[in-house]
Amino acid sequence: MIFALGSLIESKSDNSPYFNPQNLKSTAQAEQSIMTDSTSTPLIRLQAMLLSAMFALHAENTWRIAHISGVIMKFASLHRFHRLSRDAHDPANSMAIRVWSCAYVLDRAVSTALGTPVSLPDMYISSPLCEAIPEPESPVPWLSDCDSREEMAEPDLRTFAHICRVRSLQSFFMHMVEKEALEDSVPLELEMHMLNRLREWEDAEVIARHSVPNSDGYRSPVWLQHIGHLTRLSICFVNKANVFSSVADTALRAGCEACTSFRSLQKKKQIAQPWLVILSQFRAAVTLWYIRHLSLDVNHWDI
């Protein structure tokens, strides 16, 4: 599955030929056989299912992403991954929390992008999410020919831990929307509260502490900023009633910033955009068009 994922991402590069072997693809999508493999532990099976989900995230099949994220959460809850307690002295416990955090983040990302309820509400979850802690040094023989004086970034999960926080924030918002059946409008107090929390998350100093400056890929500050723009857009519900409100102004700015950061990442060709991000980016463009259309329509009738 790792080879299948690598070949899929590489095939999206402009500098590499299209390569998508069917045998690797079928292996990466065989989560049913992974679930029923009694020779492996639930932790290993959940890790394999998450690799399969990564393959789906870089394909262009919305239904499959929604399906596999739900299957992963069902499997994780069946094996009590949502009821873990932190034990700093147990490496297996730390790994289980990390794997659970990946499943949680995936489910919340799917819920936010597609506007669907989460698979397992937070009220049933007691497991902690991943936290950034110093990682033990691991041998990296492939760097033996590098200049020893060159400063190497220490491996850590600070960026992922920061992503966990924003997904938890999104989970709370989606819960409130579904709980109160808020389909067309969201109370201004709730939106302002969520935007204030998000503003703290995407503060420049906070992002700098949880990213690697001048880096490429998913640990770069630009990627975290892009997630912040898309999250802000998902919080702001724009309709005819509030098109001239501060909520619409926030959505307009978030849409413009999301398009700008998306284009920046696209031009650098450093990140293979997951399908969920493409869907969210499409929503940003539609929101910009919708606000402009409503504004012109209202102004026309006023005249």
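Structure report, in brief. Since the structure is predicted, the reported quantities are computational estimates derived from the model, not experimental observations.

Turning our attention to the overall build of the protein chain. Scanning the protein chain from N- to C-terminus turns up twelve helices and zero strands. Mapped in sequence order, the helices and strands of the protein chain form the string α-α-α-α-α-α-α-α-α-α-α-α. Of all intrachain contacts in the protein chain linking residues separated by at least 6 positions in sequence, the fraction that spans at least 24 positions is 72%.

Glancing now at the nonpolar core. If you look at the biggest cluster of nonpolar residues, it comprises 65 residues, and the most contacted ones within it are Leu 46, Ile 65, Ile 72, Phe 81, Trp 100, Phe 173 and Trp 201. Not counting residues up to four positions away in its chain, the partners in contact with Trp 201 are His 162, Ile 163, Arg 165, Val 166, Val 206, Ile 207, Leu 224, Ile 227 and Gly 228.

Attention shifts here to the packing of aromatic side chains. Taken as a whole, this structure holds two aromatic pairs when the rule is applied. Ring plane angle 50 degrees and centroid distance 6.3 Å describe the contact between Trp 100 and Tyr 104, whose orientation is recorded as tilted. One end of the pair is Trp 100 and the other is Tyr 104, both in helix H6 (residues 91-114) and four residues apart, which spans about a single turn. Of the two residues, Trp 100 and Tyr 104, neither departs from the other in class, the shared state being buried.

For the coordinates displayed, the defined rule picks out five salt bridges. Here Arg 108 ties to Asp 122 by a salt bridge, and the two come within 2.7 Å at their closest N and O atoms. Here Asp 122 lies in the loop between H6 and helix H7 (158-179) and Arg 108 lies in helix H6, a separation of 14 residues in the sequence. Residue classification places Arg 108 among the buried residues on the basis of a relative accessible area of 0%. For Arg 232, the salt bridge goes to Glu 202, with nearest N and O atoms at 3.1 Å.

Side chains three or four residues apart in an α-helix point the same way, a direct result of the helix having 3.6 residues per turn. For helix H10 (residues 221-235), with 15 residues, the first-to-last C-alpha span of 21 Å sits near the 21 Å given by 1.5 Å per residue. The buried fraction of H10 is high, at twelve of 15 residues.

Bringing helix H5 (residues 62-78) into the picture now. The terminal C-alpha atoms of H5 lie 25 Å apart, and with 17 residues this matches the ideal 24 Å at 1.5 Å per residue to within 8%. Turning to H5, its buried residues number three or more, namely Arg 64, Ile 65, Ile 68, Ser 69, Gly 70, Val 71, Ile 72, Met 73, Phe 75, Ala 76 and Ser 77. For H5, the N-terminal capping position is held by Asn 61, with its side-chain oxygen 3.2 Å away from the main-chain nitrogen of Trp 63. Among the residues trailing H5, Arg 80 stands out with phi positive, at a value near 65 degrees.

Time to look at the side chain of Thr 112. Looking at where Thr 112 falls in the secondary structure, it is placed in helix H6. Looking at Thr 112, its side chain comes within polar contact range of the main-chain oxygen of Arg 108, at 2.9 Å. Non-local contacts of Thr 112, meaning those with residues more than four positions away in its chain, are made with Gln 170, Met 174, Ser 234 and Arg 283.

Below, the discussion takes up the environment of Leu 43. For Leu 43, the location among the structural elements is in helix H4 (residues 42-57). The spatial distance from the C-alpha of Leu 43 to the C-alpha of Phe 81 is 8.9 Å, given a sequence separation of 38 residues. Those residues in contact with Leu 43, other than ones at most four positions away along the chain, are Phe 81, Met 95, Ala 96 and Val 99.

What counts and how
Residues numbered from 1 in each chain as written. Predicted model: local features only at pLDDT ≥ 70, side-chain atom pairs only at ≥ 80, totals over all residues. Heavy atoms only, no water. Helix = DSSP H or I, 4+ residues; strand = E, 2+ residues; numbered from the N terminus. Contact = heavy atoms within 4.5 Å. Core = buried A, V, L, I, M, F, W, Y, C linked by side-chain atoms within 4.5 Å. Buried < 20%, exposed > 50% of the residue type's maximum accessible area, 1.4 Å probe, protein only. Phe/Tyr/Trp six-rings, centres within 6.5 Å; stacked < 30°, edge-to-face > 60°. Salt bridge = Lys/Arg side-chain N within 4 Å of Asp/Glu carboxyl O. Expected span 1.5 Å × (residues − 1). Polar contact = N/O pair within 3.5 Å; in protein donor to acceptor, adjacent residues only side chain to side chain.

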